[in-house]
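For reference, the chains in residue letters:
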Amino acid sequence: MLDKLHDPAFHAPLPEGQPILRMVPTSSDTNYAGDIFGGWIMSQVDIAGSIPAIRQARGRVATVAVNSFVFKQPVFVGDLVSFYADIIKVGRTSITVDVVVYAQRGVREGGEEICIKVTEAVLTYVAIDNDRRPRVVSQE
């Protein structure tokens, strides 16, 4: 697996623009094998996806579906993990968001920085009112 990570064919450029969220996982975020726990990545993806959904809904949202979630490469302690989120569909009460996650690594170890796409996900949120009932989302 590590040989694949150093293979330039697996390197990916960061998308244009700023990420919606950027984190550096620590040793407390690891699984028993020493890699970053998938659940940690999933929770950060949910947070990242909710940000544009909240903006579109102009208020509170709740996650109603994880439509797809693909772990492409592992994330390691000390990676700079960037989350990019884009709305791909706005329904009557729902908002579907695509989240793509990249890890930058190598500089800390004294090498050249590389960037790898590590995760892709699509999540659906529903806009909710103060009583936690679905409400209509602005189409603007």
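Now for a look at the structure at hand. (Residues numbered from 1 in each chain as written. Predicted model: local features only at pLDDT ≥ 70, side-chain atom pairs only at ≥ 80, totals over all residues. Heavy atoms only, no water.)

In terms of helices and strands, the protein carries 2 helices and 5 strands. Ordered by position in the sequence, the α and β elements of the protein form the string α-β-α-β-β-β-β. On the principal axes, the C-alpha backbone points of the protein span a range of 50 × 30 × 20 Å. Counting over 140 residues, the protein shows a buried share of 39%. As displayed, the protein offers around 7,900 Å² of accessible surface, 53% of which is attributable to carbon and sulfur atoms. Of the side chains in the protein, 14 bear a positive and 16 a negative charge, and the two mean positions are spaced by 10 Å. (Helix = DSSP H or I, 4+ residues; strand = E, 2+ residues; numbered from the N terminus. Buried < 20%, exposed > 50% of the residue type's maximum accessible area, 1.4 Å probe, protein only. Areas by Shrake-Rupley, 256 points an atom, 1.4 Å probe, with all protein chains shown as cover. Lys, Arg positive; Asp, Glu negative; His and termini not counted. Charge placed at Lys NZ, Arg CZ, Asp CG, Glu CD.)

What follows deals with the pairing of strand β5 (residues 114-127). Burial analysis of β5 places 12 of its 14 residues in the buried class, the great majority of the element. Note: strand β2 (residues 61-71) against β5, 9 bridges, orientation antiparallel. Within the sheet, the bridge partner assigned to Val61 lies in β5 and is Ala127. Taken together, the 12 bridges between strand β4 (residues 94-105) and β5 define a ladder with antiparallel strand orientation. (Pairing = 2+ DSSP bridges.)

Right, let's get into the pattern of salt bridges. Overall, the coordinates contain 4 salt bridges when judged by the stated rule. In this structure, the salt-bridge partner of Lys117 is Glu120, at a minimum N-O distance of 3.1 Å. Several salt bridges share partner residues, and in doing so they unite Lys72, Lys117 and Glu120 into one network. (Salt bridge = Lys/Arg side-chain N within 4 Å of Asp/Glu carboxyl O.)

Backbone-to-backbone hydrogen bonds pair the strands of a sheet. The strands run either parallel or antiparallel. As summarised here, the arrangement of the 5 strands in space is β1-β3-β4-β5-β2, forming an open sheet in which the pairing is antiparallel. Each having just a single partner strand, β1 (21-23) and β2 make up the two edges of the open sheet. Here the average twist between neighbouring strands, direction ignored, is 25°. Contacting β1, β2, β3 (80-90), β4 and β5, helix α2 (residues 38-57) crosses the sheet at an angle of about 130° to β2. (Axes fitted to C-alpha atoms, helices over the stretch in contact; angles between N-to-C directions. Contact = heavy atoms within 4.5 Å.)

Turning next to the nonpolar core. Val45, Phe83, Val97, Val99 and Val101 are the most contacted members of the largest nonpolar core, which has 26 residues in total. Broken down by secondary-structure element, the contributors of at least two residues to this core are α2, β3, β4 and β5. Considering every element that reaches this core, the biggest residue donor is β5, with 7 residues. Those residues in contact with Val99 that lie beyond four places of it in its chain are Val45, Ala48, Gly49, Tyr84, Ala85, Thr119, Glu120, Ala121 and Leu123. (Core = buried A, V, L, I, M, F, W, Y, C linked by side-chain atoms within 4.5 Å.)

For the rest of this paragraph, the subject is the packing of aromatic side chains. Geometrically, a pair of aromatic rings is defined through the distance of the ring centres and the angle of the planes. Counted under the stated rule, the structure contains 2 aromatic pairs. When the centroid spacing of 5.8 Å and the interplanar angle of 85° are considered together, the rings of Tyr84 and Tyr102 count as edge-to-face. Remark: Tyr102 occurs in strand β4 and Tyr84 occurs in strand β3; sequence separation between them is 18 residues. Assigned by exposure class, Tyr84 and Tyr102 land together as buried. (Phe/Tyr/Trp six-rings, centres within 6.5 Å; stacked < 30°, edge-to-face > 60°.)

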